[in-house]
Amino acid sequence: MGIKTKDLLGLKNISKEEIELILNTAESMEEIIYRDVKKLPTLRGKSVVSLFYEPSTRTRSSFELAGKYLGADTMNMGVSSSSVKKGETLIDTGRTLDAMGIDMVVIRHPAAGAPKLLGENIKARVINAGDGYHEHPTQALLDMYTMRKKFGELQGLTVAIIGDILHSRVVRSNIWGLTKMGAEVIVCGPPTLLPADIAATGVRVVTSFEDALRDADVIMMLRIQLERQQKGLFPSKREYAKMYGLNKETLSLAKKDAMVMHPGPINRGVEISPEVYESVQSVIDEQVTAGVAVRMALLYLMMGSDFEDEKASS
Ligand code: CP
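It should be emphasised that the depicted structure is a prediction, and the values quoted were computed from it without experimental measurement. (Residues numbered from 1 in each chain as written. Predicted model: local features only at pLDDT ≥ 70, side-chain atom pairs only at ≥ 80, totals over all residues. Heavy atoms only, no water.)

As a further point, take the overall build of the protein. Scanning the protein from N- to C-terminus turns up 12 helices and 9 strands. Computed over C-alpha atoms, the radius of gyration of the protein comes to 19 Å, within 12% of the 20 Å expected from 2.2 N^0.38 for 314 residues, which places it in the range of a compact globule. Looking at the protein as a whole, 56% of its 314 residues qualify as buried. Excluding contacts between residues fewer than 6 apart, the proportion of contacts in the protein whose partners are at least 24 apart in sequence is 75%. Taken as a whole, the protein presents about 13,600 Å² of accessible surface, with 51% of it coming from carbon and sulfur. Side chains of the protein give 39 positive and 40 negative charges; the mean places of these two sets differ by 4 Å. (Helix = DSSP H or I, 4+ residues; strand = E, 2+ residues; numbered from the N terminus. Rg over C-alpha atoms; globule rule 2.2 N^0.38 Å. Buried < 20%, exposed > 50% of the residue type's maximum accessible area, 1.4 Å probe, protein only. Contact = heavy atoms within 4.5 Å. Areas by Shrake-Rupley, 256 points an atom, 1.4 Å probe, with all protein chains shown as cover. Lys, Arg positive; Asp, Glu negative; His and termini not counted. Charge placed at Lys NZ, Arg CZ, Asp CG, Glu CD.)

What follows is the structure, encoded as structure tokens:
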């Protein structure tokens, strides 16, 4: 069994079994990251192009490393120095890459639906690395991988996702993924940053920060996405930090072993304090490592075969 659809566009439309397969495969992949020689021939001869219309550190680098660790040829197409700047459309850019014989495109785009449009128009497989406010499926997969690693299973966990729910694609993918896997999701934030219809996705909406913290096994803080906001959704960063910031005092309201997550990049001292970032409850660096393992798993499941044989003989 592999990933059933040609493209990975989000977690809303993939099955629990497919999510389990990805997380189980990532478990086998993680060990490779700690090897001295991080190189398998599994995807030799396959080519992966990163096409990022928005900035990224974690997602783009980890896809590139994941591909290299598995022996694929990886190329980052610098959108700002490409013919996109001369007005070339997304479809024509994709067709051009397709004509070069590539196997996979990893795309990040400010418009929701751009990865779907691309996938419908090219032969290469497509992975969504974040589209508008819609989905960021590989982020949610690495988040679930990190939670499963600590708690053993996702079923029965209570995950409080706190902050800028309105502008977050990370929250949407986590909601679809976590609820499918049997976890309870609480969303919490200033009323102006909570979409009106969010309860319809099956989450519990909590406006009190303290209540959300008290119930949570996992506290996932979200970045305030200042680049996507109009003014006036909250008074100031200082006041936001006072009401919804995770610091030593507010973290003390949560369970002693509650796990603290953040997808990054962080606004230090706004949604999370530096001391909480550095605390033993924080798994933010582990999330980054999980990102490489999960992306290796996806590249393998969507392009490769015979991984276990090659790993054993390497
Ligand atoms: N979490 C995440 O998507 O980070 P980047 O924007 O750095 O890829």
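All residues adjacent to the ligand are Ser 56, Thr 57, Arg 58, Thr 59, Arg 108, His 136, Gln 139, Pro 263 and Gly 264. Arg 58 places a polar side-chain atom, nitrogen or oxygen, 2.7 Å from an oxygen atom of the ligand. Separating an oxygen atom of the ligand from a side-chain N or O atom of Thr 59 is a distance of 2.6 Å. Considered class by class, the residues forming the shell around the ligand number 1 nonpolar, 6 polar and 2 charged. (Near = heavy atom within 4 Å. Polar contact = N/O pair within 3.5 Å; in protein donor to acceptor, adjacent residues only side chain to side chain. Nonpolar A, V, L, I, M, F, W, Y, C, P; charged D, E, K, R; others polar.)

The next thing to look at is the sheet that holds strand S5 (residues 158–162). With respect to topology, 5 strands assemble into an open sheet ordered S7-S6-S5-S8-S9, the strand pairing being parallel. The open sheet has two edge strands with one neighbour each: strand S7 (204–206) and strand S9 (259–261). Pairs of neighbouring strands in the sheet enclose a mean axial angle of 20°, with direction left out of account. Relative to S9, strand S8 (residues 218–221) runs parallel, the two being bridged by 3 bridges. Its bridge partner lying in S9, Val 218 is registered against Met 259. (Pairing = 2+ DSSP bridges. Axes fitted to C-alpha atoms, helices over the stretch in contact; angles between N-to-C directions.)

Taken as a whole, this structure holds 12 salt bridges when the rule is applied. Note that Arg 35 and Glu 31 form a salt bridge whose closest N and O atoms lie 2.8 Å from each other. Residue Arg 35 is classed as partly exposed on the basis of its relative accessible area, which comes to 22%. The partner of Arg 204 in a salt bridge is Asp 215, with the nearest N and O atoms 3.3 Å apart. Within this pair, whereas Arg 204 is found in strand S7, its partner Asp 215 is found in helix H7 (residues 209–215), the two being separated by 11 residues in sequence. (Salt bridge = Lys/Arg side-chain N within 4 Å of Asp/Glu carboxyl O.)

Take the packing of helix H5 (residues 137–151) against helix H11 (residues 284–303) next. Running from amino to carboxyl end, H5 crosses H11 at an angle of 115°, the nearest separation of the two axes being 8 Å. Handedness of the crossing formed by H5 with H11: right-handed. Counted together, Thr 138, Gln 139, Leu 141, Leu 142, Asp 143, Tyr 145 and Thr 146 of H5 and Glu 286, Gln 287, Ala 290, Gly 291, Val 294, Arg 295 and Leu 298 of H11 form the full contact between these two elements. Tallied by class, residues from the contact of H5 with H11 come to 6 nonpolar, 5 polar and 3 charged. (Left-handed = near helix turned anticlockwise from the far one by under 90°.)

So, on to the pairing of strand S6 (residues 184–188). Among the 5 residues of S6, 4 are classified as buried, and the element is accordingly described as predominantly covered. Regarding topology, helix H6 (residues 169–180) serves as the crossover connection from S5 to the parallel S6, and that connection is right-handed. (Right-handed = clockwise from strand over helix to strand, strands pointing away.)

Turning our eyes to something else, we now look at the sheet that holds strand S4 (residues 125–131). As summarised here, the arrangement of the 4 strands in space is S2-S1-S3-S4, forming an open sheet in which the pairing is parallel. At either end of the open sheet lies a strand with only one pairing partner, and these are strand S2 (73–77) and S4. Going from strand to strand, the sheet's axes swing by 15° on average, the running direction of each strand aside. In this sheet, S4 lies alongside strand S3 (residues 104–109) in parallel orientation, the contact comprising 5 bridges. Directly across from Met 104, in S4, lies its bridge partner Arg 125. Lying over the sheet, H11 contacts strand S1 (47–52), S3 and S4, oriented at roughly 150° with respect to S4.

Turning our attention to the environment of Ala 196. Among the secondary structure elements, Ala 196 is positioned in the loop between S6 and S7. Between the C-alpha atom of Ala 196 and that of Leu 166, which follows or precedes it by 30 residues, the distance is 9.1 Å.

Keep in mind these values describe shape, not function.
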